[in-house]
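Descriptive analysis of the structure
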Amino acid sequence: MKKLSVKKGAACMACLECVRACSNAFYKEFHPDKACIQIVDRKGTAKPMTCVQCGKCAAACEAGAITQNAKGVYTINKKLCTQCGKCAEACPFHVLVKVPESPASKCIACGICVKACPMEILEIVEK
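I will try to describe carefully the structure that is included in this document. (Residues numbered from 1 in each chain as written. Predicted model: local features only at pLDDT ≥ 70, side-chain atom pairs only at ≥ 80, totals over all residues. Heavy atoms only, no water.)

Here we look at the packing of aromatic side chains
Taken as a whole and assessed by the stated rule, the structure comprises 1 aromatic pair. Summarising the aromatic geometry, the rings of Phe 26 and Tyr 27 are spaced 6.5 Å apart at their centres and angled 40° between planes, so their arrangement reads as tilted. Residue placement shows Arg 20 over the ring face of Phe 30; its charged tip is 4.1 Å from the ring centre. (Phe/Tyr/Trp six-rings, centres within 6.5 Å; stacked < 30°, edge-to-face > 60°. Lys NZ or Arg CZ within 6 Å of the ring centre and 35° of its normal.)

Structure follows, in structure tokens:
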């Protein structure tokens, strides 16, 4: 399974360049709420958080718009998405993005954030 990961022992400086790259890729603007990667505070330490490909969003999607591809990544078919937001409600990590009047979006392990990170702490791995 293809997945975004944080390198062991790496420290995030919370510069938000990964967030910027992600929101620009999906929505053509920098807006932290429109990024599929979020920087969260864990015990005083900044930590990038993104989809772990658990599939809970797919189970919640009544339209069948979220499916798992051959690499194990859950993707959203924007043509099938009814924009109901149930997938975002089901996401245990709150990293599935649902903005008004737009189909949902989620991390697809594309690597845009990896390239944007000046600290080089992100990587795409095969699990």
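Picking up after the structure, the text goes on.
Here we look at the layout of surface pockets
Quantified by volume, the largest pocket comes out at close to 230 Å³. Lining of the largest pocket is provided by 13 residues; of these, Lys 3, Leu 4, Ser 5, Val 6 and Lys 47 occupy positions nearest its centre. For the lining of the largest pocket, the secondary structure elements donating two or more residues are strand S1 (2-6) and strand S3 (45-49). The dominant element in the lining of the largest pocket, judged by the number of residues it contributes, is S1, at 4 residues. Of the residues in the lining of the largest pocket, the class split is 8 nonpolar, 2 polar and 3 charged. (1 Å grid on protein atoms, 1.4 Å probe; cavity = no way out; pocket = protein on both sides within 12 Å on 5 of 7 lines; lining within 4 Å. Points joined across faces, edges and corners; volume = space filled by probe spheres on them. Helix = DSSP H or I, 4+ residues; strand = E, 2+ residues; numbered from the N terminus. Nonpolar A, V, L, I, M, F, W, Y, C, P; charged D, E, K, R; others polar.)

A short note on the nonpolar core
By size, the foremost hydrophobic cluster in this structure holds 32 residues, and its most contacted members are Ile 37, Ile 66, Leu 96 and Leu 122. Elements that contribute at least two residues to this core include exactly helix H1 (17-27), helix H2 (56-60), strand S5 (74-76) and helix H3 (86-90). For this core, the element with the highest residue contribution is H1, accounting for 4 residues. (Core = buried A, V, L, I, M, F, W, Y, C linked by side-chain atoms within 4.5 Å. Buried < 20%, exposed > 50% of the residue type's maximum accessible area, 1.4 Å probe, protein only.)

Brief notes about the pattern of salt bridges
As enumerated under the stated definition, the model contains 3 salt bridges in all. Lys 86 is paired through a salt bridge with Glu 62; the nearest N and O atoms lie 2.9 Å apart. Of this pair, Lys 86 sits in helix H3 while Glu 62 is found in the loop between H2 and strand S4 (66-68), placing the two residues 24 residues apart along the sequence. Residue class for Lys 86 comes out partly exposed when judged on its relative accessible area of 34%. Owing to a relative accessible area of 67%, Glu 62 belongs among the exposed residues under this scheme. (Salt bridge = Lys/Arg side-chain N within 4 Å of Asp/Glu carboxyl O.)

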